[in-house]
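Letter by letter, the chains look like this.
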Amino acid sequence: MTLVFAIPSKGRILDSAQGFLERSGLKPVQGRGARDYRGTIPGLDHVEVAFLSASDIASELAAGSVHLGLTGLDLMHEATPEPEDRLASLTPLGFSRADVVVAVPQAWIDVSTMADLDDVASQFRARQRTRMRVATKYLNLTRTFFDRHGIADYRIVESAGATEGAPAAGAAELIVDITTTGATLAANALKVLDDGVIMKSEAHLVASRTANWTERARASARDMLDRIAAQARAREVREVRTRFAAADAALLDEARARFAVEAPFGGPTSSGMLTLHCPPKQVFALARFLRDRGAENVAVSELDYVFARTNPLFERLEAALA
């Protein structure tokens, strides 16, 4: 069976997702151009790429129609009430960070917490004989968060457009929305409640627990996750190479202790050749250390991939499917 890998076709994570895929050697090819919503990945014959919105990716993962996908943590929790039953995050990806928040008009100067909002909601219902309206695209997250704070006097107005404009337009009294800097909220005269951050989100690589994981699909996933894990390892190190007579086991032990280096190909050779993998922040100090010990030249280079025997991403997938 072909493994289906869903990636964003639009939305806030698209640009970062494309860069991540290209760095990981997973850049898709759309056979009929940009309007084609299916694609392939060169070198992975049994992988089909589906181009979907990030919210649809989360839903399709939960339904089991897609094996792997890139989507936001917020959308995972919105797609299904108990995401851990249907979805497994293999790793956060470090981009598209944003917060899902409760925001109220800045004019509500006496409302700064969810407890304050509960009081206002009760007063609003008593005075208006209707529930306070909350505009949002996050129906499940809103209900869960408001229930946790004991707020019942509200009703959700599902937002189809720019949620932050709903209070000014008279469509709702407050909103639940996603924000990166808060600038758009402020521009619409809204403020985030002090305890109103529902979730801190970012893009994740997600696996479906409910998809049909055949042996072929698992093998394809392993090949994909190999590339992702190797690229992640490469970003964490710089390769440092040198050769000098004093390069010996004692020097290597000292370098390990002081600079957290690894010697991926073993200790110094008989000719004094030494290859080290060093955290980027330690490169300059390590280069000085090696030259002080007798090295004439030290070469430092970035790496594209570092493949290892073990793959923690595939191990997490196997554990999720067990």
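Residues numbered from 1 in each chain as written. Predicted model: local features only at pLDDT ≥ 70, side-chain atom pairs only at ≥ 80, totals over all residues. Heavy atoms only, no water.

Some words on the overall build of the protein chain
Next, step 1: Secondary structure assignment for the protein chain yields 12 helices and 14 strands.
Next, step 2: Over its C-alpha trace the protein chain gives a radius of gyration of 26 Å, far above what one expects of a compact globule, namely 20 Å for 322 residues.
Next, step 3: Projecting the C-alpha coordinates of the protein chain onto the three principal axes gives extents of approximately 85 × 50 × 40 Å.
Next, step 4: Out of the 322 residues in the protein chain, the part that is buried amounts to 45%.
Next, step 5: The long-range fraction of contacts in the protein chain, counting pairs at least 24 apart against all pairs at least 6 apart in sequence, stands at 72%.
Next, step 6: Carbon and sulfur atoms form 47% of the exposed surface of the protein chain, whose accessible area is close to 16400 Å². (Helix = DSSP H or I, 4+ residues; strand = E, 2+ residues; numbered from the N terminus. Rg over C-alpha atoms; globule rule 2.2 N^0.38 Å. Buried < 20%, exposed > 50% of the residue type's maximum accessible area, 1.4 Å probe, protein only. Contact = heavy atoms within 4.5 Å. Areas by Shrake-Rupley, 256 points an atom, 1.4 Å probe, with all protein chains shown as cover.)

Some details on the sheet that holds strand β1 (residues 3-8)
Next, step 1: Sheet architecture is open: six strands sit in the order β2-β3-β1-β4-β11-β5, paired in mixed fashion. Each having just a single partner strand, β2 (38-41) and β5 (87-92) make up the two edges of the open sheet. Ignoring which end each strand starts from, the neighbouring axes of this sheet average 35 degrees apart.
Next, step 2: Of the pairings in the sheet, the one linking β1 to strand β4 (residues 68-72) comprises two bridges and is parallel in character. Counterpart to F5 in the pairing with β4 is L68.
Next, step 3: In the packing of helix α9 (residues 215-235) onto the sheet, contacts are made with β1, β2, β3 (44-52), β4, β5 and β11 (203-208), and the angle to β3 comes to roughly 75 degrees.
Next, step 4: Strands in contact with helix α12 (residues 312-321) are β5 and β11; relative to β5, the strand with the most contacts, it is inclined by about 165 degrees. (Pairing = 2+ DSSP bridges. Axes fitted to C-alpha atoms, helices over the stretch in contact; angles between N-to-C directions.)

Here we look at the nonpolar core
Next, step 1: With 68 residues, the main nonpolar core has F5, V102, L117, F146 and W213 as its most contacted residues.
Next, step 2: In terms of residue count, the dominant contributor to this core is α9 (six residues).
Next, step 3: Ignoring any residue separated from it by four or fewer positions in sequence, one finds L117 in contact with V102, V104, W108, V111, M132, F146, I151, L174 and L193.
Next, step 4: Counting 17 residues, the second-largest nonpolar core is a separate cluster that includes V240, L251, L276 and V283. (Core = buried A, V, L, I, M, F, W, Y, C linked by side-chain atoms within 4.5 Å.)

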